[in-house]
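# Commentary on secondary and tertiary structure
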Amino acid sequence: MNTVTIKINGIEYNLKGRENEEYLLEVAKYVDGKVKDIMANNRKLSSTAAATLVALNIADELFKADIEIEVLMKKNTSLDERNLTLKERIKEIREEAEGIEFNTSREINKLNEIIDELNKKLLEAEELKNKVTLLENENEENNILREKISKLEKEISAKEVDINEKDSLKLEIDSLKDENLTLREEVENCYKEVENLKETNELLKTNEVGYKEKFIKLNEECKIMEDDFKKTKAEKDLLKQRNKEIKFQLQNSKYKVLDLEKKLIDIQVKLAYEKKQKNALLKDV
């Protein structure tokens, strides 16, 4: 136990406490200031009345501090719940993002495979184009053959030939016509296949862009949630610091109230003693 001599409103007291001397002197200084403020505002107040008012004021501060602590504790609990909810939401979003990233990666791999396949088909299309070019060249040859056929027909008309020879020439002409028709159909089919390959390639490119945009959007949402989590954590730390300060003030207030109660008792004893000294009847008692 530490014992210090303090002075409150000009009267000395011996104050005992487990705290260090600096703390006890600080408490006494606080109470002395409160008493002097009240006495300065109303000089007609007695020491007892002033001490009572100081005790009431400090008790009021204590009750208000308790209320503020209770409000802060509720707010702290609410922040803890919100923090937990945000953590769970962030976890869900991360899992969802990981799932989407995995699916997107798998889809991109599939798209790359399809693109590779398309590139192969484009190469095939180039080969088909070359083939078409060859067919067109052959078509030119067919045109030459047509001219020859036309020329032969004219010769047949101009000359009298055997029926067998004429039939043979007609069969040759029909065969050339069929071959020419087949070549035309092959050319048209090649063109159609090339156009289909181009449309498929454009569609795959469009889908790939959509997946990338969705992935970027999810990453931005995760970043926003992480920022909210950091902000909530900072608010919680601030409340903890404030709660610590209020607890310290509450402890100080409790010691002040105890000291005021002791002071009030001392003042009452002193007043009773002074009253006894002034009253002749009480002196003999």
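Within every chain, residues take consecutive numbers counted from 1 along the sequence as written. Note on the predicted model: pLDDT of at least 70 is required for a residue's local features to be given, and 80 or more for side-chain atom pairs to be given and counted; whole-chain, interface and lining totals, by contrast, use all residues. Processing note: side-chain calculations cover all non-hydrogen atoms of the structure and skip hydrogens and water entirely.

For clarity, the threshold we go by: UniProt positions are given in the numbering used here, feature names are shortened, and annotations may be inferred rather than shown by experiment.
The name an unreviewed UniProt entry gives the protein chain is Cell division protein ZapA, with Clostridium tertium as the organism. The Subunit (unreviewed entry) field of the UniProt record for the protein chain holds the comment "Homodimer. Interacts with FtsZ."

## Observations regarding a negative patch on the surface
Quick reminder of the rule: The patch calculation keeps residues exceeding 30% relative accessible area without a salt bridge and links them within 9 Å when they carry like charges or within 5 Å when they are nonpolar (Val, Leu, Ile, Met, Phe, Trp, Tyr). The Shrake-Rupley method, run with a 1.4 Å probe sphere, supplies the accessible areas, and residue values consider only the shown protein chains as cover. Salt bridges, as used here, are contacts in which a Lys or Arg side-chain nitrogen is within 4 Å of a carboxyl oxygen on Asp or Glu. Positive charges are assigned to Lys and Arg, negative charges to Asp and Glu, while His and the chain termini are left out of the count. Charge placement uses NZ in Lys and CZ in Arg. For Asp and Glu, CG and CD serve respectively. Think of it this way: any DSSP run of H or I at least four residues long counts as a helix, any run of E at least two long counts as a strand, and we number them from the N terminus.
A cluster of acidic residues, Glu 113, Asp 116, Glu 117, Glu 124, Glu 126, Glu 127 and Glu 193, forms a negative patch at the surface. The element contributing the most residues to the negative patch is helix H2 (residues 47–158), with six residues.

## A look at the nonpolar core
We apply this condition: Nonpolar cores are built from buried Ala, Val, Leu, Ile, Met, Phe, Trp, Tyr and Cys residues. Side-chain atoms within 4.5 Å join them into one set. In this scheme, a residue with accessible area under 20% of its type's maximum is buried, one over 50% is exposed, and one in between is partly exposed, where area comes from a 1.4 Å probe on protein chains only. In this description, contact between two residues means that some pair of their heavy atoms is separated by no more than 4.5 Å.
Core analysis: the biggest nonpolar cluster contains 20 residues, and Ile 6, Ile 8, Val 31, Val 35 and Val 54 have the highest contact counts within it. If you list the elements that add at least two residues to this core, you get strand S1 (2–8), strand S2 (11–17), helix H1 (21–41), H2 and helix H3 (163–278). Counting residues per element, this core draws most heavily on H1, which supplies eight residues. When neighbours within four sequence positions are excluded, Val 35 is seen to be in contact with Ile 8, Asn 9, Ala 50, Val 54 and Lys 263. Leu 62, Leu 72, Leu 239 and Ile 246 belong to the second-largest nonpolar core, a separate cluster that totals eight residues.

## Section: the side chain of Asp 32
Relative to the assigned elements, Asp 32 resides in helix H1. Apart from the residues lying within four places of it in its own chain, the contact partners of Asp 32 are Lys 7, Ile 8 and Asn 9.

## Remarks on the pairing of S2
Convention followed: Pairs of strands are assigned from DSSP output, requiring at least two bridges between the strands.
The sheet contact formed by S1 and S2 spans seven bridges and is antiparallel. Along S2, the bridge assignment pairs Val 4 with Leu 15. Between S1 and S2, which follow one another and run antiparallel, lie two residues, and Asn 9 among them has a positive phi close to 55°.

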